[in-house]
Amino acid sequence: MTTANILLVEDEPAIQELLAFNVAQCGFRAIQAYDVPSALAEINRALPDLILLDWMLPGASGIEMARRLRADQRTRDIPIIMLTARTDERDKILGLESGADDYITKPFSPRELMARIRAVLRRRAPQMSDETVRVEGLELSPTTHRVSAEGANIDLGPTEFRLLHFFMTHVERVYSRAQLLDQVWGDHVFVEERTVDVHIRRLRQALEASGKDSLVQTVRGSGYRFSRE
Ligand code: CA
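Quick caveat: nothing in here was measured; it's all calculated off a predicted structure. Numbering of residues starts from 1 in every chain and runs along the sequence as written. Residue-level local features of this predicted model are given only where pLDDT is at least 70; pairs of side-chain atoms are given and counted only at 80 or more, and the full residue set underlies all totals for whole chains, interfaces and linings. Side-chain numbers here rest on the full set of heavy atoms in the structure, without hydrogens or water.

## What about the coordination of the calcium ion?
Donor atoms from the polypeptide that bind the calcium ion are D11 (OD), D54 (OD) and M56 (O), placed at 2.1 to 2.3 Å. According to the relative accessible area criterion, D54 is buried, its value standing at 3%. A donor here means any N, O or S atom no more than 2.8 Å from the metal (3.2 Å for Na, K and Ca); water is not included, so a site may seem to lack partners. Note on exposure labels: buried denotes an accessible area under 20% of the residue type's maximum, exposed denotes more than 50%, and partly exposed covers the range between, all computed with a 1.4 Å probe on protein chains only.

See the structure below:
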């Protein structure tokens, strides 16, 4: 299973450490930020798979940050769970309206928080889930790292595996090279876009014998799509 990167945006050191500890215990990778500017710098470097965002932060608030992420095409789909000490119903609505996927109030039970993280990831980032995916006779298992086409085993390198997993969980949608770098490589700055083409070619080659290579389609001028058509 691909390890999900969870960005923790929380200024209180004790809570930040508690979050980081629990996130790591669950097998996720914790990225820690104590304020909005450093959180944004982390996001600019690599897109996290989920953000745990505190409401009350020094300077800019978590709400402002959530709105900002939702307004930007690159970041608008990152799942966000808001963390706050407020229990006021009005604030809760404001949090959800600003684009948060879920909401949890402090003090929180780490177990509940982790269950919420898993639920949001399952819903919003299915390529991070360890469930077996089946599309058009292709079967991919994140736990065993095996891929088969109509029952016949297919050998894939780690990048091709991640790429195929992403495609199989996002069928019929067009992704630009930059988006694939963000989603599959987690890096849109230091990896060249033509790297995507290299791995697409390898993936198609690996799928060729089964005839499934036609599922990986080039969309001229836009990027790639995994499609049944
Ligand atoms: Ca705070």
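## Some points on the pattern of salt bridges
A carboxyl oxygen of Asp or Glu within 4 Å of a side-chain nitrogen of Lys or Arg is what we treat as a salt bridge. Applying the stated criterion across every chain, the model contains 13 salt bridges. Across the pair E10 and K106 runs a salt bridge whose closest N-O atoms are separated by 3.0 Å. Here E10 is found in the loop between strand 1 (5-9) and helix 1 (13-25), whereas its partner K106 is found in the loop between strand 5 (102-105) and helix 5 (110-124), with 96 residues between them in sequence. What makes E10 buried here is its relative accessible area of 0%. The buried category is assigned to K106, whose relative accessible area is 16%. A salt bridge links E150 to K212; its shortest N-O distance comes to 2.7 Å. A run of DSSP states H or I qualifies as a helix once it reaches four residues; a run of E qualifies as a strand once it reaches two. Both are numbered from the N-terminal end.

## Points about the packing of helix 1 against helix 5
Contact geometry for helix 1 and helix 5: axes closest at 10 Å, N-to-C directions at 60°. Of the possible angle classes, the one that applies to helix 1 and helix 5 is oblique. Pair helix 1 / helix 5 crosses with right-handed handedness. Across the interface between the two elements, L19, N22 and V23 from helix 1 touch P110, L113, M114 and I117 from helix 5. Residues of the contact of helix 1 with helix 5, tallied by class, amount to six nonpolar, one polar and no charged. Axis definition: a line fitted to C-alpha atoms, over the contacting stretch in the case of helices. Angles run 0 to 180 degrees between N-to-C directions. Orientation categories follow fixed angle ranges, with anything under 35 degrees roughly parallel, anything over 145 roughly antiparallel, 65 to 115 roughly perpendicular, and all other angles oblique. The handedness criterion is simple: a crossing whose near helix is rotated anticlockwise from the far helix by less than a right angle is left-handed, and one whose near helix is rotated clockwise is right-handed. What makes two residues a contact is simply this: any of their non-hydrogen atoms within 4.5 Å. Three residue categories are used. Nonpolar comprises Ala, Val, Leu, Ile, Met, Phe, Trp, Tyr, Cys and Pro, charged comprises Asp, Glu, Lys and Arg, and polar comprises the others, including Gly.

## A short note on the pairing of strand 4 (residues 80-84)
Of all five residues in strand 4, five are buried; the element is thus mostly enclosed. On strand 4, burial covers both faces: I80, M82 and T84 on one face and I81 and L83 on the other are all buried. Here the rule is simple: two strands pair whenever DSSP picks up at least two bridges between them. Pairing analysis gives four bridges linking strand 3 (residues 50-54) to strand 4, with the strands arranged parallel. Across the sheet, the residue bridging to I51 is I80, located in strand 4. Classification remark: right-handed applies to a crossover when, strands pointing away from the viewer, the course from the first strand over the helix to the second runs clockwise. With respect to chirality, the unit in which strand 3 leads through helix 3 (residues 62-71) into the neighbouring parallel strand 4 is right-handed. Sheet topology places strand 4 next to strand 5; four bridges connect them, and they run parallel. Bridging across to strand 5, T84 finds its partner in T105.

## Notes on the domain arrangement of the protein
Many structure descriptions define interface size as the accessible area lost when the parts assemble. Along its sequence, the protein is organised into domain 1 (5-128) and domain 2 (133-226). What marks off one domain from the next here is an automatic or database domain assignment. On a C-alpha basis, the centroid separation for the pair domain 1 and domain 2 is 28 Å. The partner domain 2 presents 11 residues to the eight residues of domain 1 that form the contact. What gets called buried area is simply the loss in accessible area from a 1.4 Å probe that two parts show on being joined, summed for both. Buried surface at the junction of domain 1 and domain 2, both sides included, amounts to about 800 Å², of which 46% is carbon and sulfur. The largest contributions to the domain 1 side of the interface with domain 2 come from L47, P126 and Q127, which together make up 55% of the buried area. By the criterion applied in these results, polar contacts are pairs of N or O atoms within 3.5 Å in which, for protein atoms, one can donate a hydrogen and the other can accept it, and in which residues neighboring in sequence qualify only through two side-chain atoms. Counting every contact that joins domain 1 to domain 2 gives one residue pair in polar contact (both at pLDDT 80 or more).

## A word on the sheet that holds strand 8 (residues 146-149)
The four strands are arranged 6-7-8-9 in an open sheet whose pairing can be described as antiparallel. Whereas interior strands pair on both sides, the edge strands pair on one side only; in this sheet they are strand 6 (133-135) and strand 9 (152-154). With strand direction ignored, the average angle separating the axes of adjacent strands in the sheet is 25°. Relative to strand 9, strand 8 runs antiparallel, the two sharing three bridges. Bridge assignment links V147 to a residue of strand 9, and that residue is I154. Here helix 6 (residues 158-168) sits on the sheet and contacts strand 6, strand 7 (138-141) and strand 8; the angle it forms with strand 7, its principal contact strand, is near 115°.

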